[in-house]
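Here is how the chains run, residue by residue.
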Amino acid sequence: MTPDVETVVIGGGVVGLAVARALAEAGQEVVVLERHGAIGQETSSRSSEVIHAGLYYPPGSLKARLCVEGRRLLYAFAAENGVPHVRYGKLLVATTAEELPRLDALAATAIANGVTDLTRLSAEATRALEPDVACVGALLSPSTGVIDSHALMVALEGHVRAGAGNVVLNTEVVGLRAHHGDPFEIDIVSAGERATLTARNLVIAAGLGATRLGKMVAGRGYEPPETYPARGHYYTLEGARPPFRHLVYPLPHEAWLGIHLTLDVAGAPRFGPDLEWQDEASTVFDEADGTRRARFEKEIRRYWPALPADRLAPGYVGVRPKIYRSGEPAPDFAIHAVREHGIPHLVALYGIESPGLTSSLAIGAYVATRIGA
Ligand SMILES: Cc1cc2nc3c(=O)[nH]c(=O)nc-3n(C[C@H](O)[C@H](O)[C@H](O)COP(=O)(O)OP(=O)(O)OC[C@H]3O[C@@H](n4cnc5c(N)ncnc54)[C@H](O)[C@@H]3O)c2cc1C
């Protein structure tokens, strides 16, 4: 049977678009199906927009490899395509003497991951860079930056359309069937109309919706990972500019990076995200009777004691598509192809939380190498 389309990518977030761009540039006919009326309306537009250097992830993991490679590709793509980005650099600060050995451990992990530009700073050297930061020592990561994630997605969409690709909005995938040897059948509701499409290759890049879709094609002996949403709140700073030129991060708590200060490409500050596991994904900002703001103020004052009182204002909420439960160790990105699930021509992506934005272009290239079989 001749399929309608060579490759369908489900999901018009940064990862689906990056995958579609990689496939379109390799000459494939690609169609991205996105349920919302615009690209990037879920996790991809609710992040810190940080281009991570690759400090935190276990050496050899997909997270480490795709982050380091993705960072390199992303800076080059942003420069070539006029996507706003700023290489602010990041200070990872120890605020107590007990934390100092952890800075050294993170520096060792970073070097094992191929991050070669870190500098270990004393408290004095940190103060010389950022006089308002309180710490007993720090790591400076000059290759950490931020990017305008929406402009990135618009540029990726342009590349898809310029190749043999298309992005179809208002189109939800509601059913999937895999037939060995024959094309995938994809049931869609597009602008209220039901239809079925066929495709030779299928990529599930559906973020929080990936597990639901993966279960539709899962065969005997393979279960896709469950998705456990975990939201993160961001506060902005009202009526004041923080006196910082770098991003400032406390030491991480396992996989959570802590309440950090980032600047967007225009220099506007935001603090967050916190970590709250949910039963159902929700992007509602919950002030929690003022206790959330008080907790943020306390955390931020560990590294910025002069944070003015009552200046934090509710910003937005992003939801991480985690594939582990609270208290369990964080697994790697789950990018499953025939070797994992036994279905040729299918790549399904689960648990693409941070550093998914940084890694997006490298994920695109990686999926392109795994889709053929
Ligand atoms: C709070 C937070 C902070 C983060 N900070 C950073 C950071 O600083 N740096 C970094 O590198 N990464 C960061 N990340 C991670 C990064 O944002 C994600 O890894 C990335 O955006 C994931 O992109 P995606 O395309 O996989 O998912 P999404 O953006 O969620 O896209 C999936 C798309 O699939 C669509 N979809 C789902 N189901 C269907 C269906 N049935 N039919 C059609 N369409 C469907 C959805 O509508 C959605 O548009 C952060 C994430 C969060 C939550």
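Residues numbered from 1 in each chain as written. Predicted model: local features only at pLDDT ≥ 70, side-chain atom pairs only at ≥ 80, totals over all residues.

1. Some points on the overall build of the protein
Helices and strands together make up the secondary structure of the protein, namely nine helices and 20 strands. What you see for the protein is a C-alpha radius of gyration of 21 Å, in line with the 21 Å of a compact globule of 373 residues. Along the first, second and third principal axes, the C-alpha set of the protein runs to 70 × 45 × 40 Å. The buried share of the protein, taken over its 373 residues, is 47%. Residue pairs in contact within the protein that sit at least 24 positions apart in sequence constitute 74% of those at least 6 positions apart. (Helix = DSSP H or I, 4+ residues; strand = E, 2+ residues; numbered from the N terminus. Rg over C-alpha atoms; globule rule 2.2 N^0.38 Å. Buried ≥ 20, exposed ≤ 12 C-beta atoms within 10 Å, placed from the backbone. Contact = placed C-beta atoms within 7 Å.)

2. Looking at the domain arrangement of the protein
In terms of domain boundaries, the protein breaks down into domain 1 (5-48 + 150-226 + 329-370) and domain 2 (90-142 + 228-322). The gap between the C-alpha centroids of domain 1 and domain 2 is 31 Å. Between domain 1 and domain 2, the residue contacts involve twelve residues of the former and 14 residues of the latter. (Domains from an automatic or database assignment.)

3. Comments concerning the site of the ligand
Around the ligand, a shell composed of 42 residues is seen, among which Gly-11, Gly-13, Gly-207, Gly-209 and Gly-356 lie nearest. Within the residue set of the shell around the ligand, elements represented by two or more residues are helix H1 (14-25), strand S10 (171-179), strand S18 (312-322) and helix H9 (356-370). Split by residue class, the shell around the ligand holds 15 nonpolar, 19 polar and eight charged. (Near = placed C-beta within 6 Å. Nonpolar A, V, L, I, M, F, W, Y, C, P; charged D, E, K, R; others polar.)

4. Observations concerning the packing of H1 against H9
Direction vectors running N to C along H1 and H9 enclose 35°, while the axes themselves pass 8 Å from each other. Where H1 crosses over H9, the handedness of that crossing is right-handed. Listed contacts from H9 to Val-14, Val-15, Ala-18, Val-19, Arg-21, Ala-22 and Leu-23 of H1 are Gly-356, Leu-357, Ser-360, Leu-361, Ile-363, Gly-364, Ala-365, Val-367 and Ala-368. The residue makeup of the contact of H1 with H9, split by class, is twelve nonpolar, three polar and one charged. (Axes fitted to C-alpha atoms, helices over the stretch in contact; angles between N-to-C directions. Left-handed = near helix turned anticlockwise from the far one by under 90°.)

5. Quick look at H1
A rise of 1.5 Å per residue sets the reference length of H1, with its twelve residues, at 16 Å; its end C-alpha atoms lie 16 Å apart and thus fit the reference within 8%. Across the twelve residues that make up H1, a large majority, eleven, are buried. Taken together, the buried positions of H1 are Val-14, Val-15, Gly-16, Leu-17, Ala-18, Val-19, Ala-20, Arg-21, Ala-22, Leu-23 and Ala-24. Gly-27 sits one or two positions beyond H1 and adopts a positive phi of about 95°. (Expected span 1.5 Å × (residues − 1).)

6. Re the packing of H1 against helix H5 (residues 149-162)
Each pair of packed helices can be summarised by the angle the axes make with each other and by the distance between the axes. At a closest axis distance of 8 Å, the pairing of H1 and H5 adopts a crossing angle of 30°. Judged by the angle between their axes, H1 and H5 are roughly parallel. Note that H1 runs across H5; the crossing there is left-handed. Taken together, the residues of H5 that come into contact with H1 (itself represented by Val-14, Leu-17, Ala-18, Ala-20, Arg-21, Ala-24 and Glu-25) are Ser-149, Leu-152, Met-153, Leu-156, Glu-157, His-159 and Val-160. Among the residues making up the contact of H1 with H5, the classes are represented as nine nonpolar, two polar and three charged. (Parallel < 35°, antiparallel > 145°, perpendicular 65-115°, else oblique.)

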